[in-house]
Amino acid sequence: MPFRFDNSYADLPAHMFTKTMPIPVASPSLFAQNTQLGAQLGLEPRDLSDADVFAGNAIPKGADPLAQLYAGHQFGSWNPQLGDGRAILLGEIKGTDGQRYDIQLKGAGRTPYSRGGDGRAWLGPVMREYLVSEAMHAMGVPTTRALAAATTGETVYREEPLPGAVLTRVAQSHIRVGTFQIYAARQDTHALRVLYEHVLSRHYPDIDDDPATLLNAVITRQANLIAKWMGLGFIHGVMNTDNVSIAGETIDYGPCAFMDSYHPQTVFSAIDQMGRYAYQNQPNIAAWNMAQFATSLIPLMPDQDAAITTFTAAVNRFPDIYNDAYRSVLASKLGLKEVSEDSDTLATELLTLMADEHADFTNTFAGLASGTANAQFVSQDVFADWQRRWARLQPDETILTQHNPTIIPRNHRIAEAIAAGQAGDFQVFDDLLDMLTKPYAPLDDKTEAYARAPSTDERVTRTFCGT
Ligand code: AMP
Ligand code: MG
């Protein structure tokens, strides 16, 4: 078997996870294999062709399947115990880049942490995560990846019978803020220290051995990550602390969505009724999540009162780090090399006009390079005035095209791919995925349709966790 497993999480104290086998499914069939990602993991295309492996029916040699334990704040409320309820970590592989990667089956059956759930996933969320995570990667956003996806030949019930599926997810790790929180809450300082040391050597090998330094490093990665989301109109939808990766990758694509028309208060998730995770709230929520991470590190500090002071200062720096990153994202989106007061002002003015007119987020910015942005506005003279002042800063065409995707995973396109997949047709998915892996390509007659904003009756305004 070609999978070169090199498992490290399985060597941590046994109460931090439960060894759990995937539960076999009736009739696995692969519909997606990521040969490019496979190559990065030292896998040949033929290694990605065994549906039994990617549905959990066959366990590759060297795998040591387990479900990880964690806790988390969900919509601000503390949940003392969560864990992999529908995901099983097969093991870890060292990639050709020397980096260690988790190989996880999502939808692989019940685990000790499934609570009332069935441990399964249906095809819709599996296709959605595949498409969106691969699009995020193509747009340069740190993210978990999709290695393969299979249908199970079984039915899962989510108010209605739906086709089951399993996603093979690849991540730098699946360690979350909630993984730290559970041991802090249980006053299990030994497990907390072991986890801290594991994270340090695995994700932050170059920093000092000091929880305060780790906190700062995680804050920096989170702030930069959220700035990238904001620059793409991405709304995660469930920024619970159990969905925040310590490695700084985007993780857990549930009800996430990209905005079509721009409005800062946009919310898609059907369960987010208060708008806690609305587009514009994401930086503040990320800072709040970092405060929870800081709290979970305090038991590791010899002087806890001093630690509270240091950690509070660290978390309070989040807005500055985020703002620096966001300003630079916006300057690049305007084709400008340098951040300046002018770039800030122009960005703010454009976003205000876009919000007033519900302009398409992606097509407005992409239109700056192609000269079609004016099509987004009714107030032609207001936009023309903005454009004149912007042109004076001499925007660079290459910077513009490299920072403004033409094709993003639009909700209505994802919905269309899922509907076709449910009917057994994966061509729509394949075609969309192909487009999403080249997000910065100039449009032509063939690809233009993928850049089009949804018409009124195509518009998808609600998304679901899919659990
Ligand atoms: P999420 O909101 O998707 O991050 O999930 C929150 C928690 O619920 C995680 O611990 C999941 O493992 C668990 N969960 C979600 N869906 C299921 C399911 N179908 N069966 C069992 N557990 C689930
Ligand atoms: Mg989750």
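Residues numbered from 1 in each chain as written. Chains lettered and ligands numbered in written order. Predicted model: local features only at pLDDT ≥ 70, side-chain atom pairs only at ≥ 80, totals over all residues. Heavy atoms only, no water.

S.K.: For this particular structure, what's the right way to read the overall build of the chain?
M.R.: Helix and strand counts for the chain stand at 16 helices and 12 strands. Here the C-alpha atoms of the chain give a radius of gyration of 22 Å, agreeing with the 23 Å that 2.2 N^0.38 yields for 467 residues. On the principal axes, the C-alpha backbone points of the chain span a range of 65 × 60 × 40 Å. Evaluated residue by residue, the chain yields a buried proportion of 58% over its 467 residues. In the chain, of all internal contacts separated by at least 6 residues, the share reaching a separation of at least 24 is 71%. Split by element, the accessible area of the chain, about 18,800 Å² in all, is 49% carbon and sulfur. Side-chain charges of the chain comprise 36 positive and 54 negative groups, with the mean position of each set lying 3 Å from the other. (Helix = DSSP H or I, 4+ residues; strand = E, 2+ residues; numbered from the N terminus. Rg over C-alpha atoms; globule rule 2.2 N^0.38 Å. Buried < 20%, exposed > 50% of the residue type's maximum accessible area, 1.4 Å probe, protein only. Contact = heavy atoms within 4.5 Å. Areas by Shrake-Rupley, 256 points an atom, 1.4 Å probe, with all protein chains shown as cover. Lys, Arg positive; Asp, Glu negative; His and termini not counted. Charge placed at Lys NZ, Arg CZ, Asp CG, Glu CD.)

S.K.: Would you mind showing me how to read the coordination of the magnesium ion (ligand 2) here?
M.R.: Metal coordination angles in their ideal form are 109.5 degrees for the four-donor tetrahedron and 90 or 180 degrees for the six-donor octahedron. The magnesium ion (ligand 2) binds to the protein through Asn-243 (OD1) and Asp-252 (OD); the donor distances cover 1.9 to 2.2 Å. For Asp-252, a relative accessible area of 13% gives the class buried. (Donors = N, O, S within 2.8 Å, 3.2 Å for Na, K, Ca; no water.)

S.K.: When you look at the domain arrangement of the chain in this model, what are you seeing that I'm missing?
M.R.: Many descriptions give the size of an interface as the accessible area lost when the pieces come together. The domain boundaries assigned to the chain delineate domain 1 (9-171) and domain 2 (177-327). Every contact between the two is made by 34 residues of domain 1 and, on the other side, 40 residues of domain 2. Interface area, domain 1 with domain 2, both sides summed: about 3,100 Å², of which 61% is carbon and sulfur. By the criterion of area lost to domain 2, the three top residues of domain 1 are His-73, Phe-75 and Met-136, representing 21% of everything that side buries. For the salt bridge of Lys-106 with Asp-252, the shortest nitrogen-to-oxygen distance reads 4.0 Å. For the interface between domain 1 and domain 2, the tally reads 13 residue pairs in polar contact (both at pLDDT 80 or more). Where the side of domain 1 that touches domain 2 is concerned, the elements lending two or more residues are β4 (72-74), β7 (100-106), α3 (123-138) and β10 (161-171). No other element matches α3, which puts 5 residues into the side of domain 1 that touches domain 2. (Domains from an automatic or database assignment. Buried area = accessible area lost by both parts, 1.4 Å probe. Salt bridge = Lys/Arg side-chain N within 4 Å of Asp/Glu carboxyl O. Polar contact = N/O pair within 3.5 Å; in protein donor to acceptor, adjacent residues only side chain to side chain.)

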